[in-house]
Amino acid sequence: MKLLVVEDDPLIGPAVKAVLENAGYTVVGPLRDAAKAARVGARECPDLALVDVNLAGGENGLVLARRLWQENGIPSLLMTGFDHHAAEARSFAMGLLRKPVMPDALVQAIGAVGEILGGLRPSSKPDALEIFHGSAPFTAGLPKVRSA
């Protein structure tokens, strides 16, 4: 499974990448800029984007996640350390992952979303993950997950 990581924190982004690569995922990024992430997403066609909600400067993560979905059919998993329910994101995002997240919970969250993208019911889900049932990725033209 190919993942696009969009995280502007210079410590968190590389840590997320390392954890996911160690778990066997192909990771593009981390990217810190929403405009660049949109261009790279269109070019790389990831199966899922992990998008920080509060990106510094320019577009925020919600705008980026909506753009990735509407323009390229790339589903997103939003990440935030703030109290954010992201109700408006249900039309374009798979869910919300609350930070800080432990490495095993991060891997488990990506596995759960990957199972959903593959048309399966998740075998497990960490407490930090809120899945948006009824979101666009559940109801419309979901891209197929490619193997890593």
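Throughout, residues of each chain are indexed from 1 in the direction in which the sequence is written. In keeping with the predicted nature of the model, local features appear solely for residues at pLDDT of at least 70, side-chain atom pairs appear and are counted solely at 80 or more, and the whole-chain, interface and lining totals rest on all residues. The side-chain figures draw on all heavy atoms in the structure; neither hydrogens nor water molecules are used.

As annotated in an unreviewed UniProt entry, the chain is Response regulator from Azospirillum humicireducens.

Participant: So what's going on with the pattern of salt bridges? Residues and values would help.
Facilitator: We define a salt bridge as a contact between a side-chain nitrogen of Lys or Arg and a carboxyl oxygen of Asp or Glu at a distance within 4 Å. Under the criterion given, the structure shown has eight salt bridges. Here Glu-71 makes a salt bridge to Arg-67, at a shortest N to O gap of 3.4 Å. Here Glu-71 pairs with Arg-67, and both are found in helix 3 (residues 61-72), just four residues apart, close to one helical turn. Each residue's exposure class comes from its accessible area (1.4 Å probe, protein chains only) as a fraction of the maximum for that residue type: buried when under 20%, exposed when over 50%, partly exposed otherwise. Taking relative accessible area as the criterion, Glu-71 reaches 55% and is therefore assigned exposed. For Glu-130, the salt bridge goes to Arg-98, with nearest N and O atoms at 3.4 Å. Taken together, the positions of Glu-130 in strand 6 (residues 129-131) and Arg-98 in strand 5 (residues 93-98) put the pair 32 residues apart, joining distant regions of the chain. Glu-130 gets classed as partly exposed once you look at its relative accessible area, which sits at 24%. Overall, the relative accessible area of 25% leaves Arg-98 in the partly exposed class. Linked through salt bridges whose partners overlap, the residues forming this network are Lys-2, Arg-43 and Glu-44. Helix and strand labels come from DSSP, where a helix needs a run of H or I of at least four residues and a strand needs a run of E of at least two; each type is numbered from the N terminus.

Participant: Describe the side chain of Ser-76, naming the residues involved and giving the relevant values.
Facilitator: The residue Ser-76 is located in strand 4 (residues 76-80) in this model. What Ser-76 contacts, discounting residues up to four positions off in sequence, is Leu-48, Ala-49, Val-51, Ala-65, Leu-68, Phe-92, Ala-93, Met-94 and Gly-95. The contact definition used throughout considers only heavy atoms, calling two residues in contact when any of these lie within 4.5 Å.

Participant: With reference to specific residues and values, describe the nonpolar core.
Facilitator: Leu-4, Leu-64 and Leu-78 are the most contacted members of the largest nonpolar core, which has 24 residues in total. Within the residue set of this core, elements represented by two or more residues are strand 1 (2-6), strand 2 (26-31), helix 2 (34-44), strand 3 (48-52), helix 3 and strand 5. Broken down by element, this core gets its largest block of residues, five residues, from helix 3. Non-local contacts of Leu-4, meaning those with residues more than four positions away in its chain, are made with Val-28, Leu-31, Ala-37, Val-40, Gly-41, Pro-46, Leu-48, Ala-49, Leu-50 and Leu-68. Joining through side-chain atoms within 4.5 Å is the link that ties buried Ala, Val, Leu, Ile, Met, Phe, Trp, Tyr and Cys residues into a set, and such a set is a nonpolar core. Residues Val-16, Leu-50, Leu-106 and Val-113 belong to the second largest nonpolar core, which totals 22 residues.

Participant: Before we move on, could you go through the UniProt feature "modified residue: 4-aspartylphosphate" (unreviewed entry) in the chain and cite the residues and values that matter?
Facilitator: UniProt positions are given in the numbering used here, feature names are shortened, and annotations may be inferred rather than shown by experiment. Per the UniProt record, "modified residue: 4-aspartylphosphate" (unreviewed entry) is found at Asp-52. Tracing the chain through its elements places Asp-52 in strand 3. For Asp-52, the residues in contact, after removing those within four places along its chain, are Val-6, Glu-7, Asp-8, Gly-61, Met-79 and Lys-99.

Participant: I'd love a proper account of unusual backbone geometry, names of residues and values included.
Facilitator: Here Gly-29 and Pro-30 are connected by a cis peptide whose omega angle stands at 15°. By the element assignment, Pro-30 lies in strand 2. Residue Pro-100 is reached from Lys-99 by a cis peptide bond, and omega for that bond is 0°. Structurally, Pro-100 can be placed in the loop between strand 5 and helix 4 (103-117). One non-glycine residue, Cys-45, adopts positive backbone phi at about 50°. Note that Cys-45 resides in the loop between helix 2 and strand 3. In this structure Cys-45 comes out as partly exposed when scored by relative accessible area, which is 39%.

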